[in-house]
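# Notes for the structure review
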Amino acid sequence: MIAIDYTPAYEQGAGIGRYVRELTAALMRVDEQTNYTLFVAGTTHIDTPVPQNFRWKTSRLAPVNLARLWHRLHIPLPIELFTGKVELFHATDFVLPPMRAKASILTVHDLSFVKVPETTSPALKRYLDNVVPKSIKRATHVLADSQATKDDMVNIYGTPADKITVLYSGVDQRFAHDASQNNTIRTKYKIPQDRPYIFSVGTVQPRKNYARLIQSLAQLRAKGHDVCLVIAGGKGWLDDPIYESIQSSSMRDYVHMIGFADDSDLPGLYSSAICTAFPSLYEGFGLPILESMACGTPVVTSNVSSLPEVAGDAGLTINPYDLDELTNALEQLITDVELRDMLIAKGYQQAASFTWERAARELISIYQRII
């Protein structure tokens, strides 16, 4: 029996939540033999149907309460009290709980709290600085979302390279070009019908570099490009400077913060955009790059952390701290038809090389090797 912490999928709409949802769904499609337990903290019952070799286990204790018990009060309640006996426990969100199982896998998505600490809330940083290195050390094996994240763990924590496997994310098949939803999507999210828009997606927090992206929009408009910016993402932290930048740049009428967008609407939002901007200061992977490419929308992203790894030669990469470089790249995608067509063609190929089924099969192989 293998237990997977499914809590992030239940709690979080985007980011790590989507990673756990998509990877688990792919496991269900490709593995009918192994018995799995899906553990969810913070609820008492889940009635979502699953294949016969999967079962739900829950705890009424919320994740924050479990974290306090395990990592602040140091009460070693083993995870098996909730999951039942398992051969291997897979912790999917940075932190390994106490356990009796001899084998464990820990997924570390990124080390942004170390690499760009100014973008993380102080309380969260203190917590992660305390528990993540200990969890990495305790785990039998560690999964990294990218080679960049693996390198960070090796360089920062001295983790042996052979203890870490890079497991890339995939792109769900629902991400495909669909311009037919343009009017419906714009109406639903109150995006002007008559103005091209640059799309960006991710939690509203400093690491996403939204304040600089808004300044770049102001530069584009000053150059005569009648475009707007659509940002899809739930409220995050340390976000006051982002909203202040909208006011200070006089972009209030041209920046549309639409909040968290339904997963089902994302293909339409990508497809209707003139381009996608993902100029993050640091990312463990950068799934929006591939989703946008799969929808036939060219991408500008950063030349740091995992992002060049994900984009390959199918996107324009820029220094995320250089405003003019960001603006020039966006202007190229707005004006250069040949460049757009080339990047769209390359983007389709790049996105097609990342699939959740491949990720699931690689994960099964890792499970079997560890057990």
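The following paragraphs examine the structure supplied in this document. Every chain is numbered independently, its residues counted from 1 as its sequence is written. Since the coordinates come from a predicted model, pLDDT governs what is reported: local features require at least 70, and pairs of side-chain atoms require 80 or more to be given and counted, while whole-chain, interface and lining totals use all residues. Note that the side-chain values use all heavy atoms of the structure and ignore hydrogens as well as water.

Looking only at helices and strands, one finds 16 helices and 13 strands in the protein. Radius of gyration here is computed from C-alpha atoms only, and the compact-globule reference equals 2.2 Å multiplied by the residue count raised to the power 0.38. The C-alpha radius of gyration of the protein comes to 21 Å, within 12% of the 21 Å expected for a compact globule of 371 residues. By principal-axis analysis of the C-alpha atoms, the protein measures approximately 65 × 40 × 40 Å. Throughout this description, buried means an accessible area under 20% of the type-specific maximum (1.4 Å probe, protein chains only), exposed means over 50%, and partly exposed covers the range between. A burial count over the protein gives 56% of its 371 residues as buried. Whether two residues touch is decided by their heavy atoms; if any such pair falls within 4.5 Å, the residues are in contact. In the protein, of all internal contacts separated by at least 6 residues, the share reaching a separation of at least 24 is 65%. Where accessible areas are quoted, they stem from the Shrake-Rupley method and a 1.4 Å probe; at the residue level, only the protein chains shown are allowed to cover. Surface summary for the protein: the accessible area is close to 15,900 Å², and the carbon and sulfur share equals 50%. For the protein, the separation between the mean place of its 36 positive charges and that of its 40 negative charges on side chains is 8 Å. Per the convention used, a helix needs a DSSP run of H or I reaching at least four residues, while a strand needs a run of E reaching at least two, with both numbered from the N terminus. The charge count includes Lys and Arg as positive and Asp and Glu as negative, but it does not include His or the ends of the chains. Charged side chains are reduced to one point each, which is NZ for Lys, CZ for Arg, CG for Asp and CD for Glu.

This part covers the packing of helix H9 (residues 210-222) against helix H10 (residues 240-248). Angles shown run from 0 to 180 degrees and are taken between the N-to-C directions of axes, each axis being a line fitted to C-alpha atoms and, for helices, limited to the stretch in contact. Their axes nearest at 8 Å, the elements H9 and H10 cross at an angle of 10 degrees. As the angle between them shows, H9 and H10 are arranged roughly parallel. For the pair H9 and H10, contact is made by Tyr210, Ala211 and Ile214 and by Pro241, Ile242, Ser245 and Ile246, respectively. The class makeup of the residues in the contact of H9 with H10 is six nonpolar, one polar and no charged. The cut-offs work like this: below 35 degrees is roughly parallel, past 145 is roughly antiparallel, 65 to 115 is roughly perpendicular, and the gaps in between are oblique. Note that Gly is not counted as nonpolar here; it falls among the polar residues with everything else outside the nonpolar set of Ala, Val, Leu, Ile, Met, Phe, Trp, Tyr, Cys and Pro and the charged set of Asp, Glu, Lys and Arg.

On to the sheet that holds strand S2 (residues 36-41), then. When DSSP finds two or more bridges between two strands, those strands count as paired. Taken together, seven strands build an open sheet; the order of strands is S3-S2-S1-S4-S5-S6-S7 and the sheet is parallel. A strand with exactly one partner marks an edge of an open sheet, and here the two such strands are strand S3 (54-59) and strand S7 (164-166). Across the sheet, the mean angle separating the axes of adjacent strands is 20 degrees when strand polarity is ignored. Pairing geometry for strand S6 (residues 141-144) and S7, over three bridges, is parallel.

Between helix H12 (residues 287-294) and helix H15 (residues 337-352), the least distance of the axes is 8 Å, while the angle of their chain directions is 125 degrees. It follows that H12 is oblique to H15 by the angle criterion. The interaxial crossing formed by H12 with H15 has left-handed handedness. Packed against H12, whose contacting residues are Leu290, Met293 and Ala294, the element H15 presents Gly347, Tyr348, Gln350 and Ala351 at the interface. Looking at the contact of H12 with H15, its residues break down into five nonpolar, two polar and no charged. The crossing is said to be left-handed when, going from far helix to near helix, the turn is anticlockwise and less than a right angle, and right-handed when the turn is clockwise.

Turning our attention to the side chain of Asp172. By the secondary structure assignment, Asp172 is in the loop between S7 and helix H8 (182-188). Since its relative accessible area comes to 18%, Asp172 is described here as buried. Under the rule applied, a polar contact is a pair of N or O atoms within 3.5 Å (in protein, one hydrogen donor and one hydrogen acceptor; residues adjacent in sequence only if both atoms are side-chain atoms). A distance of 2.9 Å separates a polar side-chain atom of Asp172 from the backbone nitrogen of Arg174. Excluding residues that lie within four positions of it along the chain, Asp172 makes contacts with Glu22 and Trp356.

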